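Residue-level listing of the chains:
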Amino acid sequence: MRDLSKMLAGIEENFAIPTSLMKTIATQFKEAMADGLTGNPSSLKMLPSFIGPPTGREQKRVVAVDFGGTNVRVLLVELTGLGQTRIIKKHCFPLKDKQAHYDYTAASSSGLQLFDFIAEKIAEVAPRKDKVYPLGHTFSFPCRQYGVNEAELISWTKEIKTAGVEGRDVGQLLAEALKRKGVDYVTSQAVINDTTGTLLASAYHDNTTDIAAICGTGHNSCYIESRYSLTGKPMIINMESGNFNKVNQTKYDLCLDQASEKPGAQRLEKMASGQYLGEIVRLIIRSLVQEGYMNGDARALSYPYSLPTEDLSAVLADTTPGLEVIAEITAGRWGLGNLTIDELRVLRMVARVVAVRSARLVASTWAGVLGRIDPELSRRHSIAVDGSLYEKMPGYAGFLTQGMIDFFGTKAEQITIKLSKDGSGIGAAIAAAIVYNEIIERII
Ligand code: BGC
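Here, residues in each chain are numbered from 1, in the same order as that chain's written sequence. Local features in a predicted model are, by the rule used here, given only for residues with pLDDT of at least 70; side-chain atom pairs are given and counted only at 80 or more, and totals for whole chains, interfaces and linings are based on all residues. Side-chain calculation: all heavy atoms of the structure are included, whereas hydrogens and water are not.

Looking up the chain in an unreviewed UniProt entry gives the name Hexokinase, with the organism given as Sporomusa acidovorans. UniProt positions are given in the numbering used here, feature names are shortened, and annotations may be inferred rather than shown by experiment. Regarding the chain, the UniProt comment filed under Sequence similarities (unreviewed entry) reads as follows: "Belongs to the hexokinase family." Quoted verbatim from the Catalytic activity (unreviewed entry) heading of the UniProt record, the comment on the chain is "D-fructose + ATP = D-fructose 6-phosphate + ADP + H(+)".

Now the structure itself:
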């Protein structure tokens with residue numbers, strides 16, 4: 001067996017994001033923000049959402065659609081007008097189902113089919129009762145917005161391939177589908193990104209919220225630009241930070257990127273989000289086995305994306321003395337056979353290194369945003385986060401907090417990172433209510 005400890009030290013070093021590197025990344029991120037905002041070439045798209053922070057007084061019963069990639073969620077939400085929201089109904093529908101023989105995320109499905117499916121599900125949640133429901137739509141992909149209800153999909157991410165949606169206005173696609181399905185009593189008011197939704201949901205009851213992010217299957221952050229150049233008013237900017245490209249890739253990241261649907265795109269997301277963390281771990285372990293550093297059968301690890309993020313969470317959570325949970329997963333689903341306790345420890349260490357890097361990269365980008373909006377950290381900031389990594393991966397939330405403490409020292413006390421559960425769906429409801437109220441005010 002070759003010298004495993006030396007090899008592991010090398011991996012740890014390649015994946016480490018020390019505070020000095022965090023500072024460099026934050027500075028580069030801040031520069032990329034400024035470039036994106038002024039129209040200079042930048043990997044950050046800095047897309048205006050045409051929506052500002054809520055007042056907390058918005059009051060209405062609205063339908064929210066949350067389209068994230070794996071599922072579509074349809075919610076009926078009551079906004080109390082006192083900073084509180086009540087979910088009256090919530091249904092979740094998978095976008096692919098082998099048994100039911102459909103996959104609306106595949107290239108063989110069309111946008112028409114996808115949006116017809118969503119419209120049918122909306123009808124199930126909001127049945128006609130001589131009522132008109134405003135609808136807010138969270139669409140978790142990079143969109144160029146021309147208005148709050150006009151959002152043209154720039155390109156799919158997260159390995160989705162549905163045909164005929166890129167370059168199209170998704171607000172219009174949904175409105176047309178609602179009409180086709182006879183659901184025109186539901187009127188689309190706003191299309192927003194899930195980060196924007198998360199920010200709105202948190203800011204509805206906490207006005208210190210000025211940054212929001214998704215740390216889940218995908219990754220992205222948005223923030224409030226206090227005086228947006230075109231309007232002179234506060235504007236939520238969807239940065240599409242998953243596309244940030246000033247981060248050095250290891251050989252494993254390069255390998256993953258090359259084999260992905262869109263090589264070169266979404267470089268940060270490919271190092272930080274749940275869609276990819278399991279794959280990075282698979283590539284590392286496979287090479288450890290192939291190069292003779294570890295026992296096991298490398299063929300078992302030859303299937304791309306065969307290690308789900310849930311397995312990584314289980315690996316990170318295992319505190320049993322004999323690492324029994326890890327042993328069970330690796331002998332079972334990973335097909336690695338019986339591993340020694342040292343090898344099991346290696347697996348846990350690799351999973352940890354990959355998860356910690358993800359969190360510290362994300363923390364560096366938030367530090368970059370704070371460097372733009374409040375360089376002295378002179379006021380309080382809440383960063384609202386939704387997504388499975390943040391919510392469920394053991395240690396992940398702590399790695400983010402630690403990153404902020406390493407970066408800002410005692411001033412990190414000004415920053416609260418908090419879960420905004422279901423934020424993207426509730427935020428869509430708030431967006432719809434904001435727009436609906438503005439329309440009514442104009443009429444009156
Ligand atoms: C998309 C973003 C989205 C993020 C989180 C990324 O792949 O490009 O628009 O906010 O995933 O869902």
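Caption draft 1: Looking closely at the site of the ligand. Looking at the ligand, there are 14 residues lining it, with Thr 157, Lys 158, Asp 194, Glu 240 and Glu 269 nearest. A distance of 3.4 Å is found between an oxygen atom of the ligand and a backbone nitrogen or oxygen belonging to Phe 141. Within 3.5 Å is the distance limit for a polar contact, defined as a pair of N or O atoms, with the added protein rule that one can donate a hydrogen and the other accept it, and that residues adjacent in sequence qualify only through two side-chain atoms. At a separation of 2.6 Å, an oxygen atom of the ligand approaches a polar side-chain atom of Asp 194. Computed on the free molecule, the ligand has an accessible area of 310 Å², of which 98% lies beneath the protein chains in the complex. At a threshold of 2 Å from the grid points, most atoms of the ligand map onto the largest cavity. Gly is put with the polar residues, along with every residue not named as nonpolar or charged; the nonpolar set is Ala, Val, Leu, Ile, Met, Phe, Trp, Tyr, Cys and Pro, and the charged set is Asp, Glu, Lys and Arg. A class-by-class count of the residues in the shell around the ligand yields 3 nonpolar, 7 polar and 4 charged. Any residue with a heavy atom positioned within 4 Å of a molecule or strand is treated as near that molecule or strand. Reported accessibility uses the Shrake-Rupley method at a 1.4 Å probe radius. Residues are deemed covered only where the shown protein chains occlude them. Only protein atoms enter the 1 Å grid used here. Points where a 1.4 Å probe fits but cannot escape make up a cavity, open sets with protein on both sides within 12 Å along at least five of seven lines make up a pocket, and a residue lines them when an atom lies within 4 Å of a point. By definition, a pocket or cavity contains a molecule when more than half of the molecule's atoms lie within 2 Å of the pocket's grid points.

Caption draft 2: A look at helix α8 (residues 274-290). With 17 residues, α8 should reach 24 Å at 1.5 Å per residue; the first-to-last C-alpha distance of 25 Å fits that figure. Just beyond α8, the residue with positive phi is Gly 292, at close to 80°. To qualify as a helix, a DSSP run of H or I must reach at least 4 residues; to qualify as a strand, a run of E must reach at least 2; elements of each kind are numbered from the N terminus. What a helix is expected to span follows from its residue count: subtract one and scale by 1.5 Å.

Caption draft 3: Highlighting the packing of helix α11 (residues 341-373) against helix α13 (residues 396-408). Axes here mean lines fitted to C-alpha atoms, for a helix over just the part in contact, with angles spanning 0 to 180 degrees between N-to-C directions. Packing of α11 against α13 brings their axes to within 8 Å, and their N-to-C directions diverge by 50°. The angle between the axes of α11 and α13 places the two elements in the oblique class. Of the two elements, α11 crosses α13, and the hand of that crossing is right-handed. Seen from α11, the contacting residues are Arg 352, Ala 355, Val 356, Ser 358, Ala 359, Arg 360, Val 362, Ala 363, Trp 366, Ala 367 and Leu 370; seen from α13, they are Tyr 396, Phe 399, Leu 400, Gln 402, Gly 403, Met 404, Asp 406, Phe 407 and Phe 408. Every angle not falling under 35 degrees, over 145, or within 65 to 115 is termed oblique; those three ranges are roughly parallel, roughly antiparallel and roughly perpendicular. Crossings are assigned a handedness: left-handed for a near helix turned anticlockwise from the far helix by less than a right angle, right-handed for a clockwise turn. In this analysis, two residues are considered to be in contact whenever any of their non-hydrogen atoms come within 4.5 Å of each other.

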